[in-house]
Every structure is written in structure tokens, then in C-alpha cells.
Amino acid sequence: MPRVRTDITMSIDGYVAGPNQSEDNPLGEGGMALHEWAFQLKSDASKAAREAMNENVGAVIMGRNMFGGRGSWEEHPWDGWWGEDPPYHVPVFVLTHHEREPLEMQGGTTFHFVTDGPVAALARAREAAGDQDVHVTGGAGAVQQYIRAGLLDELRLHVVPMVLGAGERLLDDLGDPPPAFELVSAVDAPGVTHVTYRIGGAPAS
């Protein structure tokens, strides 16, 4: 059964980006160090976790901050952080308050800009994905919206043993009461622990 899932890397004090995020430093101070595990891949466990991120993904959802740029597209034209060939290679639905025509890039990635909220974005993403999964790739605000709405089936956390102390927290504002998280697996690897949770009554993987 197709799932709605996310993979996101987090410090042990709960941050997925450091303070003072900017166009020049989108992950904030110290934020890039969170992702060293994914570039160095020092173990088979981390290689498997990295590969699993893209397995069976038919569409991606991301927040405006992750796509990048600020304000209206006319005042601040922006085509993403990834150059002409973004790494997604599937339709990507960007949550935004500013209308824009779809942006077709190389490698099969087309960005669609959705102004009518996360539920509408998910409906479009599910249609595009067919019998494959929808991956909510970030940032924290987008993931929170889907958890809060009860629309995220699986949360894969990659927990790095570092303290950022400030920045963008992941597990805030998840609703009252917050949903139940069921531990599926926890795998230790050098510099990171890969933890998978099933959320609420989500189906098994």
C-alpha cells in the first residue's frame, strides 16, 4: 500500500537546521554537519538508509523554505538549490503562498507550486505517484503540517549525536494531543542512529 513518509536528519536536541538560516547558508550555523553521515556513508547501515530514502518514491512534497527563495517569485526569482538537474526525478509539489507556473527541469523533475494547502498538495502528489509512495522531504514546517493533520504514515529520523542549541525544531506543534509514535526499528551506525516510527494507525511497511 502506498505510504506518505519522510526522512529527516535531526540533532539530539531536536533541531533539523541551525540558527541564522540564509540564502548563503540554508541549513543555518552548524546545520551542514548534521548531514555528514549521508555523504560519508561509513557503514552498510547508513548506505541502506540512504538508498531507502528514494526507494519506491513516485512524488515529493516540500515546503517553500526548502525549495528556497523569499516572497513573490516576480520580486525574487528562484529555481531551487540544485541546478538544472535536481536529484528528485519525479514530480515535486512545493507548498507556497505565491502562485507560479510549473517549473520543468532536467532529469524528470518538475516543480509544481501549490497555494491551496497541504491536503491539496497531497492529493495531487498521490495522483502523480500512483502506486508508489509520497515523500515529504522537508523542511520541519512541512513535516509538522502533515503530522498534525494525521496524514504522515511513517517518520524516519536520522539522529546525529550533536547539539545545535537553537534553530528549527522538528517535533514542535504536532497537535493537542500529539499522535502516537510506534517504534519500528532503530539501527546504530557511526555518527548516526536511524530510527523509524509508524505514526498513529498507519499500515505496516
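Here, every reference points to the structure presented above.
Since this is a predicted model, take the numbers as computed values, not measurements.

*Asks:* Please clarify how the pattern of salt bridges should be interpreted in this entry.
*Replies:* When charged atoms on two side chains of opposite charge get close, those side chains can pair. The full count for this structure, using the stated rule, is ten salt bridges. Among the ionic pairs, Arg 3 bridges to Glu 154, the shortest N-O distance being 3.0 Å. Of this pair, Arg 3 sits in the segment before β1 (4-11) while Glu 154 sits in strand β8 (residues 154-160), and the two are 151 residues apart along the sequence. Judged by relative accessible area, Arg 3 falls into the buried class, the value being 13%. Taken together, the salt bridges that share partners define one network made up of Arg 3, Arg 5, Asp 7, Asp 133, Glu 154 and Arg 156.

*Asks:* I'm lost on the side chain of Thr 96 in this one. Help?
*Replies:* Mapped onto the elements, Thr 96 comes out in the loop between β4 (91-95) and β5 (103-104). At 3.0 Å, the side chain of Thr 96 forms a polar contact with the backbone nitrogen of His 98. Apart from residues lying up to four places away in sequence, Thr 96 is in contact with Arg 64, Trp 73, Phe 113, Val 114 and Thr 115.

*Asks:* Would you take a moment to explain the sheet that holds strand β6 (residues 110-114) for this structure?
*Replies:* In a beta sheet, neighbouring strands are held together by backbone hydrogen bonds and run either parallel or antiparallel to one another. Sheet architecture is open: nine strands sit in the order β5-β6-β4-β3-β7-β1-β8-β11-β10, paired in mixed fashion. Edge positions in the sheet fall to β5 and β10 (181-189), since each has one partner strand and no second. Where β1 meets β8, seven bridges bridge the pair, whose relative direction is parallel. Bridge pairing in β8 places Ser 11 opposite Val 160. Each of β1, β3 (57-63), β4, β6 and β7 (133-138) is contacted by helix α4 (residues 118-129), which is oriented at about 160° to β3, the strand it contacts most.

*Asks:* Would you mind showing me how to read the environment of Arg 148 here?
*Replies:* Along the chain, Arg 148 falls in helix α5 (residues 140-148). Considered as a pair, Arg 148 and Gln 21 are 127 residues apart in the sequence and their alpha carbons are 24 Å apart. Apart from residues no more than four positions distant in its own chain, Arg 148 is found in contact with Asp 173, Leu 174 and Gly 175.

*Asks:* Would you explain the pairing of strand β11 (residues 192-199) in this entry?
*Replies:* Each regular strand carries side chains that alternate between the two faces of the sheet. Burial of β11 is extensive: six of the eight residues sit out of reach of the surface. Pairing of β8 with β11 involves six bridges; the strand directions are antiparallel. Across the sheet, Arg 156 pairs through a bridge with Thr 196, a residue of β11. Of the pairings in the sheet, the one linking β10 to β11 comprises eight bridges and is antiparallel in character. Paired with Ser 185 across the bridge in β11 is Thr 196.

*Asks:* Can you walk me through the nonpolar core in this structure?
*Replies:* Considering soluble globular proteins, one finds that nonpolar side chains tend to be buried as a cluster. Judged by nonpolar contacts, the single largest core of 28 residues is most densely connected at Ile 61, Val 136, Tyr 146, Leu 152 and Leu 170. Those elements that provide at least two residues to this core are β1, β3, β4, α4, β7, α5 and β8. Top contributing element to this core by residue count: α5, with five residues. Sequence-distant contacts of Leu 170, that is, excluding residues within four places in its chain, are made with Ile 8, Met 10, Gly 14, Val 16, Ala 140, Val 143, Gln 144 and Leu 157. Ranked by size, the runner-up nonpolar core spans 14 residues in total, among them Val 60, Val 92, Met 105 and Phe 113.

*Asks:* Would you take a moment to explain the pairing of β1 for this structure?
*Replies:* Extensive coverage of β1 is indicated by the burial of eight of its eight residues. Bridge count for β1 against β7 is two bridges, and the pairing is parallel. Paired with Arg 5 across the strands is His 135, a residue of β7.

*Asks:* In this structure, what is going on with unusual backbone geometry? I would like to understand it.
*Replies:* Most peptide bonds take the trans configuration, and most residues that are not glycine carry a negative phi. For the bond running from Gly 138 to Gly 139, omega is -5°, close enough to zero to count as cis. Here Gly 139 lies in the loop between β7 and α5. Cis geometry is found at the peptide bond from Asp 176 to Pro 177, where omega equals 0°. Examined against the element boundaries, Pro 177 turns out to sit in the loop between β9 (168-169) and β10.

*Asks:* Would you explain the packing of aromatic side chains in this entry?
*Replies:* Aromatic ring pairs are described here by two measures, namely the spacing of the ring centres and the angle between the planes. Inspection of the entire model under this criterion finds ten aromatic pairs. A centroid spacing of 6.2 Å and a plane angle of 55° characterise the contact between Phe 67 and Trp 82, whose relative ring orientation is tilted. Of the two residues, Phe 67 is situated in helix α3 (residues 64-67) and Trp 82 in the loop between α3 and β4; the sequence distance between them amounts to 15 residues. Residue Trp 82 is classed as partly exposed on the basis of its relative accessible area, which comes to 23%.

Cut-offs and rules
Residues numbered from 1 in each chain as written. Predicted model: local features only at pLDDT ≥ 70, side-chain atom pairs only at ≥ 80, totals over all residues. Heavy atoms only, no water. Salt bridge = Lys/Arg side-chain N within 4 Å of Asp/Glu carboxyl O. Helix = DSSP H or I, 4+ residues; strand = E, 2+ residues; numbered from the N terminus. Buried < 20%, exposed > 50% of the residue type's maximum accessible area, 1.4 Å probe, protein only. Polar contact = N/O pair within 3.5 Å; in protein donor to acceptor, adjacent residues only side chain to side chain. Contact = heavy atoms within 4.5 Å. Pairing = 2+ DSSP bridges. Axes fitted to C-alpha atoms, helices over the stretch in contact; angles between N-to-C directions. Core = buried A, V, L, I, M, F, W, Y, C linked by side-chain atoms within 4.5 Å. Phe/Tyr/Trp six-rings, centres within 6.5 Å; stacked < 30°, edge-to-face > 60°.

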